[in-house]
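Commentary on secondary and tertiary structure
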Amino acid sequence: YRFIVTTQLADFNKQVHKIPQSIHDISNGDHILGFGVELAEHHPGFHDEEYKKRRSYIGNLAKLHKILFSGEPIPHVEYSDEEIKIWGEILGKLTYLHPTHACKRYLDTFQLFNFVPDRLPCLQELSEVLMMRTGWQIRPVAGLLHPTDFLNAMAFRTFHCTQYVRHGSQPMYTPEPDICHEILGHIPLLADPEFANLVQLIGLASLRASKQEMLHLTKLYWYTVEFGTVKERDGVKAFGAGLLSSFGELQHMLSGEDGSMPIFEDLDPFKKLPKMDHKCGFQKRYFLCENFSDVASKLTAYAKSL
Ligand code: HBI
Ligand code: FE
């Protein structure tokens, strides 16, 4: 999946930032970037009025959900047969590649959830599993959330998840995060204590970051939590959610499916990171880490420097 981050970057310049003291200071509805209800020409659902209605119906449920204040559970969505079919198809394809392409921690935590193709999990259930395992919780959100809110919420062990399903015409592609990306990409590893702490570190660092530092943290997030890779005994494995939730990108990572092999580089959080490339196909370079504790100590060192 690819984000429309150009607008996000423009937004960094306008932002007046108040340091949130708790998750209650972060809105899940005020700063949605990306697509509005009308979508855009290049969105696969652009010409599908039914789809747009469905997407904004589910998005509005999230906007109404005032979380935690009243402790109300995440709204339940009754998914249609077509939505479940899309989920099942993605799950099937990915579970074929994961044993060879996903890191061991992901394969282990994935088991906790018993995902099956004929049922799209509900976010409330997943949130409860995370809460028990690592104290993380899920908060529903109507679309691509501004990186500042998105990262700040991670300081409070809260992960914002979209709840709508991508358009069925291209089940293997989505230009924006959808529930399949959130569940198959992000949720399993948030049940791993070490990984969950590492993600929170980025969130904590983001609370007091300047605009410049926030942009750098967004890149750090992008090159680790979204597209990170890790060395394992039998080769390079994915831990980034953008990889783990994309059949094409996973293949590309190991075999350069589209004809060009990606580059693997060491991650140095103190160095300028490359511009995030989210428009033209797969990533050209991935950052390769030794293991999660290596990522955590690098991020800790960077966070301390802020
Ligand atoms: N919003 N809903 C949602 N889901 C994401 O995965 C997400 C987001 N906003 C920003 C974001 N991811 C990041 O990739 C960075 O821009 C921080
Ligand atoms: Fe993501």
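Predicted, not measured: the structure shown is a model, and the values here were computed from it.

**Focus on the side chain of Ser245**
In this fold, Ser245 is placed in the loop between helix H10 (241-244) and helix H11 (247-255). The exposure class of Ser245 is buried, given its relative accessible area of 7%. In this structure the side chain of Ser245 is engaged in a polar contact, spanning 2.9 Å, whose partner is the side chain of His181. At 2.7 Å, the side chain of Ser245 forms a polar contact with the backbone oxygen of Ala241.

**Remarks on the environment of His216**
Mapped onto the elements, His216 comes out in helix H9 (residues 211-226). Dropping the residues within four chain positions of it, His216 is found in contact with Pro269, Lys271, Leu273 and Tyr302.

**Details of the pairing of strand S4 (residues 235-238)**
Pairing of strand S3 (residues 229-232) with S4, which is carried by four bridges, proceeds in the antiparallel orientation. Considered in S4, the bridge of Lys231 is made with Val236. A loop of two residues connects S3 with S4, the two strands running antiparallel in sequence.

**Points about the pairing of strand S6 (residues 285-289)**
Here S6 lies mainly inside the structure; four of its five residues are buried. In the sheet, S3 pairs with S6 via two bridges, with the strands oriented parallel. If you follow Thr229 over to S6, its bridge partner there is Leu288. Note: strand S5 (residues 263-266) against S6, four bridges, orientation parallel. Bridging from a neighbouring strand, Phe264 pairs with Tyr286 of S6.

Definitions and limits used
- Residues numbered from 1 in each chain as written.
- Chains lettered and ligands numbered in written order.
- Predicted model: local features only at pLDDT ≥ 70, side-chain atom pairs only at ≥ 80, totals over all residues.
- Heavy atoms only, no water.
- Helix = DSSP H or I, 4+ residues; strand = E, 2+ residues; numbered from the N terminus.
- Buried < 20%, exposed > 50% of the residue type's maximum accessible area, 1.4 Å probe, protein only.
- Polar contact = N/O pair within 3.5 Å; in protein donor to acceptor, adjacent residues only side chain to side chain.
- Contact = heavy atoms within 4.5 Å.
- Pairing = 2+ DSSP bridges.

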